[in-house]
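Here are the chains, one letter per residue:
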2 protein chains.
Amino acid sequence: MSEQNLVTAAILVIGDEILSGRTKDKNIGYMAEYMTAVGIDLREVRVVPDIEEEIVTAAKALSGRYTYLFTTGGIGPTHDDITADCIAKAAGVGIDIDERAVALLRERFPNPDDLNEARLRMARIPHGAELIDNPISRAPGFMIQNIIVMAGVPSIMQAMFENVLPRLKTGAKLQSQSIDSGGRPEGAYATALGQVQKQFSDVIIGSYPSFDGKRFQNQIVVRARDPHVLAAAAEAVQAMLDTLPPA
Amino acid sequence: MSEQNLVTAAILVIGDEILSGRTKDKNIGYMAEYMTAVGIDLREVRVVPDIEEEIVTAAKALSGRYTYLFTTGGIGPTHDDITADCIAKAAGVGIDIDERAVALLRERFPNPDDLNEARLRMARIPHGAELIDNPISRAPGFMIQNIIVMAGVPSIMQAMFENVLPRLKTGAKLQSQSIDSGGRPEGAYATALGQVQKQFSDVIIGSYPSFDGKRFQNQIVVRARDPHVLAAAAEAVQAMLDTLPPA
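Residues numbered from 1 in each chain as written. Chains lettered and ligands numbered in written order. Predicted model: local features only at pLDDT ≥ 70, side-chain atom pairs only at ≥ 80, totals over all residues.

A. Molecular detail of unusual backbone geometry. Here the phi dihedral of arginine 138 of chain A falls at roughly 70 degrees; this positive angle occurs in a residue that is not glycine. Among the secondary structure elements, arginine 138 of chain A is positioned in the loop between strand 6 (130-132) and strand 7 (141-144). By the C-beta count within 10 Å, which is 16 here, arginine 138 of chain A ends up partly exposed. Here glutamine 145 of chain B, not a glycine, exhibits a phi torsion of approximately 55 degrees, which is positive. (Helix = DSSP H or I, 4+ residues; strand = E, 2+ residues; numbered from the N terminus. Buried ≥ 20, exposed ≤ 12 C-beta atoms within 10 Å, placed from the backbone.)

See the structure below:
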């Protein structure tokens, strides 16, 4: 599989409230699963505070390294919402009130008195950005260069994510198959599993324990882009397990 | 508040399974909340794949920048568990089978045949590290320099985290107070809230919307280390809200 057919991504979560533990992030898991399903490889996630220098530095590093950078959080009307300005800086472009965004906000705030200075901050969009529709509260997200800027509120983020996906490149999907270890502990199959991994260099094999308070349940997950290779590797894992005594 | 009284931290989550979306992380939110409660400021989180170069680079960057780096994941017996070796590399120390860790594993695997090569991988501990007890499955975590290495399975991570905390420095706690906006939308108070923020430079004020599918509920969160300053800022926020018409 050539690297040319790969589409990679990072997520940058902008939010003091996540770092303080006050809010539990729900966006990373949602996007991770969705990206895998459509053929975008999520390679890195960062969570940074609402501090300009931190956001700009992380946005530059991640947008330079991956096909896409998705950000969540910090695009509301209050003083702590600084994402749009930071992303403009990271992208090296100017930012201003965008008439397309103002028009969207007018749909929500038809009375001119309600479209006050703070709400107009939500219409600050970097020059050259495409807007991303927000069906819930109208204030749009945007895409500038390879950076996709979305709200932090999960239902709005999800709507924006679905709206922007058709505009993005996707690559060959990394497909996966889970094989239950049949109650066998990881230590019973670890060496043999390492040997299977060596036979299949185009396959990513991981072993994932979970613990229900009494015992471990282990899942071996095989991932590959080629379905034939995936099936062969999964078969080899199952055959390896079958040579071991039952749990 | 001087910076000397601050204790900062980062979390590095090591796990293909989080990036693929197969597993939803529960450790970040748990640790974030706990750190805030004990007086450790969580400043950054990164999630990276099970790739040596990625883990080593992130561990060096984060341990160099913050008082502590906490890692989760990748310390089991299978071939994809490479955290201990990567952290030894990041810390610039050697790594080997550690007899203290072997003794702990013997408690779980008294039959010498069961303590096989793969399980002995869990006794690979960087030179000079202190062990962190794992009451659930014995294989220990460890602390080397300012890096704390823990399991990814949440119940084990939580036990390790509680075990290591008494050994760590903690700083002045960042206390917080939430003020409900009383149904007022963010845009109605954003400008006035920004003015309150300007009056209280030692206070971090954030506004956090949530959406239940029908309407927004907004919480204004005021955070400060000095309880008198916190109370004064919270009072100023409430007084500001009281000048606005009810929702």
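B. The sheet that holds strand 10 (residues 204-211) of chain A, seen in detail. Residues and elements named next belong to chain A. The strand order across the open sheet built from three strands is 9-11-10, with neighbouring strands paired in antiparallel fashion. At either margin of the open sheet sits one strand with a lone partner, and together these are strand 9 (175-180) and strand 10. Averaged over all pairs of adjacent strands, the angle between strand axes in this sheet comes to 25 degrees, irrespective of strand direction. Bridge count for strand 10 against strand 11 (residues 216-224) is eight bridges, and the pairing is antiparallel. (Pairing = 2+ DSSP bridges. Axes fitted to C-alpha atoms, helices over the stretch in contact; angles between N-to-C directions.)

C. Geometry of the domain arrangement of chain A. Segmentation of chain A into domains returns domain 1 (3-167) and domain 2 (175-242). The distance between the C-alpha centroids of domain 1 of chain A and domain 2 of chain A comes to 37 Å. (Domains from an automatic or database assignment.)

D. Here's a closer look at the interface of chain A and chain B. Taken residue by residue, the interface counts 53 residues in chain A and 52 residues in chain B. Broken down by secondary-structure element, the contributors of at least two residues to the side of chain A that touches chain B are helix 1 (16-19), helix 2 (27-38), strand 2 (41-48), helix 6 (117-120), helix 7 (154-164), helix 8 (186-199) and strand 10 of chain A. With eight residues, strand 10 of chain A is the single largest residue contributor to the side of chain A that touches chain B. Of the residues in the side of chain A that touches chain B, the class split is 22 nonpolar, 18 polar and 13 charged. Here strand 2 of chain A pairs with strand 2 (residues 41-48) of chain B via three bridges, running antiparallel. Bridging from a neighbouring strand, arginine 46 of chain A pairs with arginine 46 of chain B of strand 2 of chain B. (Contact = placed C-beta atoms within 7 Å. Nonpolar A, V, L, I, M, F, W, Y, C, P; charged D, E, K, R; others polar.)

E. Spatial organisation of helix 2 of chain A. For helix 2 of chain A, spanning 12 residues, the distance from its first C-alpha to its last is 16 Å, which sits close to the expected 16 Å at 1.5 Å a residue. Within helix 2 of chain A the residues assigned to the buried category are Asn27, Ile28, Met31, Ala32, Met35 and Thr36 of chain A. Considered in projection along helix 2 of chain A, the buried side chains sweep an arc of 150 degrees and stay on one side of the axis. Buried residues in helix 2 of chain A make contact with strand 1 (8-14), strand 2, strand 3 (68-72) and helix 7 of chain A together with helix 1 (16-19) of chain B. Following helix 2 of chain A by one or two positions, glycine 39 of chain A adopts a phi angle in the positive range, close to 95 degrees. (Expected span 1.5 Å × (residues − 1). Arc of directions from axis to C-beta.)

F. The packing of helix 2 of chain A against helix 7 of chain A, seen in detail. Residue and element names in this part refer to chain A. Running from amino to carboxyl end, helix 2 crosses helix 7 at an angle of 20 degrees, the nearest separation of the two axes being 10 Å. The angle between the axes of helix 2 and helix 7 places the two elements in the roughly parallel class. Judged by the twist between their axes, the crossing of helix 2 over helix 7 is right-handed. On helix 7, the residues that touch Asn27, Tyr30, Met31 and Tyr34 of helix 2 are Pro154, Met157, Gln158 and Phe161. Across the contact of helix 2 with helix 7, the residue classes tally to six nonpolar, two polar and no charged. (Parallel < 35°, antiparallel > 145°, perpendicular 65-115°, else oblique. Left-handed = near helix turned anticlockwise from the far one by under 90°.)

G. Representation of the relation of the copies chain A and chain B. For the pair chain A and chain B, the best superposition has an RMSD of 0.0 Å and corresponds to a rotation of 180 degrees with a translation of 0.0 Å parallel to the axis. In symmetry terms, the pair is related by a two-fold rotation axis. When C-alpha positions in chain A are compared against the rotation axis, the closest is assigned to arginine 46 of chain A, at 2.2 Å. Of the interface residues in chain A, 98% have counterparts in chain B that sit at the interface too, so the contact is made through matching surfaces. (Least-squares fit on C-alpha atoms with pLDDT ≥ 70 in both.)

H. The arrangement of the confidence of the model for chain A in detail. Residues of chain A with pLDDT of at least 70 account for 98%, and the chain-wide mean is 96. Here the complex is predicted with pTM 0.96, and the ipTM for its interfaces comes to 0.96. (pLDDT = per-residue confidence, 0-100.)

I. View of the packing of helix 8 of chain A against helix 9 (residues 227-242) of chain A. All names here are of chain A. Axis separation between helix 8 and helix 9 bottoms out at 10 Å; the angle between their running directions is 150 degrees. Relative to helix 9, helix 8 is oriented roughly antiparallel. Helix 8 and helix 9 meet at a crossing whose hand is right-handed. Between helix 8 and helix 9, the contacting residues are Tyr189, Ala192, Leu193, Val196 and Gln199 on the first element and Ala236, Val237, Met240 and Leu241 on the second. Along the lines of polarity and charge, the residues of the contact of helix 8 with helix 9 split into eight nonpolar, one polar and no charged.

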